[in-house]
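Chain residues, written in single-letter form:
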Amino acid sequence: MFWVLLLLLAWTVAGTACTRLCLAAVRAAAVDEDTDRAHDLTLYEAAFLSGGPARVADLTLVSMARQRRLLLAHTGWATVVDPRGRDDMERSVLGAIGPEGQSRIAPVRAAAAAADAVRGIADRLVSAGLAVPDGARTTVATGVRQVRLAAVVVLALGAAALLAPVPSAMPRSLVAVWFALPLALTLSCLAIARVEVHPYSRWASPAGQRLLGALTRRTKIAGDDRTFLTSVAVRGVRAIGEPNLRAAFAHREYHEPRD
């Protein structure tokens, strides 16, 4: 019977996706047990846990611009004012801009995000159990996406089985019930993941997410420049309230002007 083959395929898809999600959750819990809970996050580390290497580059650019050591024009250009970097990330940004002291922001962001300084931040966070290792980045967030896709596939297979012109001795209502079982499995996994391991993150482990929450709560009280930079680290450039500075990051690509 044709619908049975589709049902087996639906169970395979649902079972595989749910198993991967469960394994990812178990790995995340194991990492959480070995976490350095006394770790005090820096802004660079908070940026990495929130948005990865690109977020670290954005934070560095914004921080230097706030200190008037780098000019970020709304046209998408960065100009060096102070050529002395105060840490490895700032030196990476200055090196990406080049000796001429001026460059488009988009390639500077890309080069700074791929710098050794960012890899060093990632390695420290992984060692502390706060970040997800590169090899395990198919984590809970990816597992949840796979289960969502599996639910859609099960629905599609069920619809194909019900609409197929091939005659079947099984009533269509019972066929629908059989396909409802793998669908219920995927939806149950999503519900459990929502309760147990939400919010999902590509970069931060559960312990890293908790430290991010604690950092945000502490800096809300201060109301100073660090609060602003923490917002950029956690939320990205959309947290920038200054129109000109925010517009500088809107130029993601550079197109040569036509003659």
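Our subject is the structure listed above.
Cut-offs and rules
- Residues numbered from 1 in each chain as written.
- Predicted model: local features only at pLDDT ≥ 70, side-chain atom pairs only at ≥ 80, totals over all residues.
- Heavy atoms only, no water.
- Core = buried A, V, L, I, M, F, W, Y, C linked by side-chain atoms within 4.5 Å.
- Buried < 20%, exposed > 50% of the residue type's maximum accessible area, 1.4 Å probe, protein only.
- Helix = DSSP H or I, 4+ residues; strand = E, 2+ residues; numbered from the N terminus.
- Contact = heavy atoms within 4.5 Å.
- Salt bridge = Lys/Arg side-chain N within 4 Å of Asp/Glu carboxyl O.
- Patch = residues over 30% accessible without salt bridge, like charges linked within 9 Å, V, L, I, M, F, W, Y side chains within 5 Å.
- Areas by Shrake-Rupley, 256 points an atom, 1.4 Å probe, with all protein chains shown as cover.
- Lys, Arg positive; Asp, Glu negative; His and termini not counted.
- Charge placed at Lys NZ, Arg CZ, Asp CG, Glu CD.

Draft legend 1. Region of interest: the nonpolar core. The biggest cluster of nonpolar side chains holds 48 residues, and the ones touching the most others in it are F48, L72 and F249. Top contributing element to this core by residue count: helix 2 (residues 43-66), with 13 residues. For L72, the contacting residues outside a window of four places in its chain are L61, A65, W77, A78, I105, L245, A248 and F249.

Draft legend 2. Region of interest: the pattern of salt bridges. One pass over the full model with this rule turns up seven salt bridges. Here E242 makes a salt bridge to R66, at a shortest N to O gap of 2.5 Å. Of this pair, E242 sits in the loop between helix 9 (225-235) and helix 10 (243-248) while R66 sits in helix 2, placing them 176 residues apart in sequence. Put simply, R69 and E90 hold a salt bridge, and the shortest N to O gap is 2.6 Å.

Draft legend 3. Representation of unusual backbone geometry. Residues other than glycine seldom take positive phi values, yet R68 does so here, at roughly 60°. Looking at the secondary structure, you find R68 in the loop between helix 2 and strand 1 (70-72).

Draft legend 4. Region of the structure containing a positive patch on the surface. Residues R145, R148, R194 and R202 make up a contiguous surface patch of positive charge. Residue position: R148 is located in helix 6 (residues 140-163). On the accessibility criterion, R148 (45% relative accessible area) is partly exposed.

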